[in-house]
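# Commentary on secondary and tertiary structure
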Amino acid sequence: MGAKTIPEGFHCITPYLGIQKAAEAIEFYKKAFNATEVMRLPMPDGSVGHAELRINDFPIMLGTPCDQGPLRNPDASPSVGLHLYVEDVDSAFAQAIDAGGTVISEVKDQFYGDRTGSLKDPYGHVWFLATHKEDLTQEQIEQRAREMFQSG
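Residues numbered from 1 in each chain as written. Predicted model: local features only at pLDDT ≥ 70, side-chain atom pairs only at ≥ 80, totals over all residues. Heavy atoms only, no water.

By the naming in an unreviewed UniProt entry, the chain is Glyoxalase, taken from Pseudomonas fluorescens.

Right, here's the structure in full:
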């Protein structure tokens, strides 16, 4: 019998972050998002060759960028953000800011039924934290969006 094509505990897409200070970032994610460290492959120079974390049941991989790999720390304007649903966005957001994150946008109720806020971690990655509050139809979301853009 062969191995599963998607390993146990993983989803079909798993973020992989390149972070120059990967060991520091692991500690930040533990404090900010209650991440648990599943494994870490230390390199002879002390860098992190590869690490796997879990935030709730969601895996995240990361490592220190090297010349042989395609990942680097994001620049001032990252093109990818990580969206994290939590039970209580207000307390989770405060926890992440207390751990060293920087506010991009404060937590507030959104027209699409979530309460969200966004922050940048100390390593340049953007995180959207959210708690889902309302189940809305596509039509309701579109109507709220029209109303918001007409009044704004």
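Okay, the pattern of salt bridges next. One pass over the structure, following the stated rule, counts 9 salt bridges. The residue E27 makes a salt bridge to K30 at a minimum N-O spacing of 3.3 Å. Residue E27 and its partner K30 are both found in helix 1 (residues 22–33); the two are separated by 3 residues, about one turn of the helix. Residue E27 is classed as partly exposed on the basis of its relative accessible area, which comes to 35%. Three or more residues joined by partner-sharing salt bridges are found here, namely E27, K30, E37 and R40. (Salt bridge = Lys/Arg side-chain N within 4 Å of Asp/Glu carboxyl O. Helix = DSSP H or I, 4+ residues; strand = E, 2+ residues; numbered from the N terminus. Buried < 20%, exposed > 50% of the residue type's maximum accessible area, 1.4 Å probe, protein only.)

For the rest of this paragraph, the subject is the sheet that holds strand 8 (residues 126–132). With mixed pairing, the 4 strands of this open sheet are ordered in space as 5-8-7-6. In this open sheet, the two strands that pair with only one neighbour each are strand 5 (81–85) and strand 6 (102–109). Here the average twist between neighbouring strands, direction ignored, is 15 degrees. Where strand 7 (residues 114–120) and strand 8 come together, 7 bridges link them in antiparallel fashion. Along strand 8, the bridge assignment pairs R115 with T131. (Pairing = 2+ DSSP bridges. Axes fitted to C-alpha atoms, helices over the stretch in contact; angles between N-to-C directions.)

With that settled, consider the sheet that holds strand 1 (residues 16–18). On the basis of which strands lie adjacent, the open sheet formed by 4 strands has the order 1-4-3-2 and mixed pairing. Looking at which strands have only one partner, the edges of the open sheet turn out to be strand 1 and strand 2 (36–42). Pairs of neighbouring strands in the sheet enclose a mean axial angle of 20 degrees, with direction left out of account. As defined by bridge partners, strand 2 adjoins strand 3 (residues 48–55) across 6 bridges and the pair is classed as antiparallel. Note on strand 3: the bridge partner recorded for M39 is E52.

Turning next to unusual backbone geometry. Most peptide bonds are trans, and most residues other than glycine sit at a negative phi. The backbone of N34 sits at a positive phi, close to 60 degrees, despite the residue not being glycine. The residue N34 is located in the loop between helix 1 and strand 2 in this model. One non-glycine residue, N56, lies in positive phi territory at about 55 degrees. Take N56: it is sitting in the loop between strand 3 and strand 4 (58–63).

Domain assignment breaks the chain into domain 1 (12–66) and domain 2 (76–151). Taken over C-alpha atoms, the centre of domain 1 sits 23 Å from the centre of domain 2. At the interface, 16 residues of domain 1 touch 16 residues of domain 2. For the pair domain 1 and domain 2, the summed buried area comes to about 1,200 Å², and 73% of that belongs to carbon and sulfur atoms. Here domain 1 and domain 2 share 0 salt bridges between them. Across the domain 1-domain 2 interface, the total number found is 6 residue pairs in polar contact (both at pLDDT 80 or more). Residue assignment for the side of domain 1 that touches domain 2 shows that the elements contributing at least two residues are strand 1 and helix 1. Per element, the largest residue contribution to the side of domain 1 that touches domain 2 is 7 residues, and it comes from helix 1. Counted by class, the side of domain 1 that touches domain 2 contains 10 nonpolar, 3 polar and 3 charged residues. (Domains from an automatic or database assignment. Contact = heavy atoms within 4.5 Å. Buried area = accessible area lost by both parts, 1.4 Å probe. Polar contact = N/O pair within 3.5 Å; in protein donor to acceptor, adjacent residues only side chain to side chain. Nonpolar A, V, L, I, M, F, W, Y, C, P; charged D, E, K, R; others polar.)

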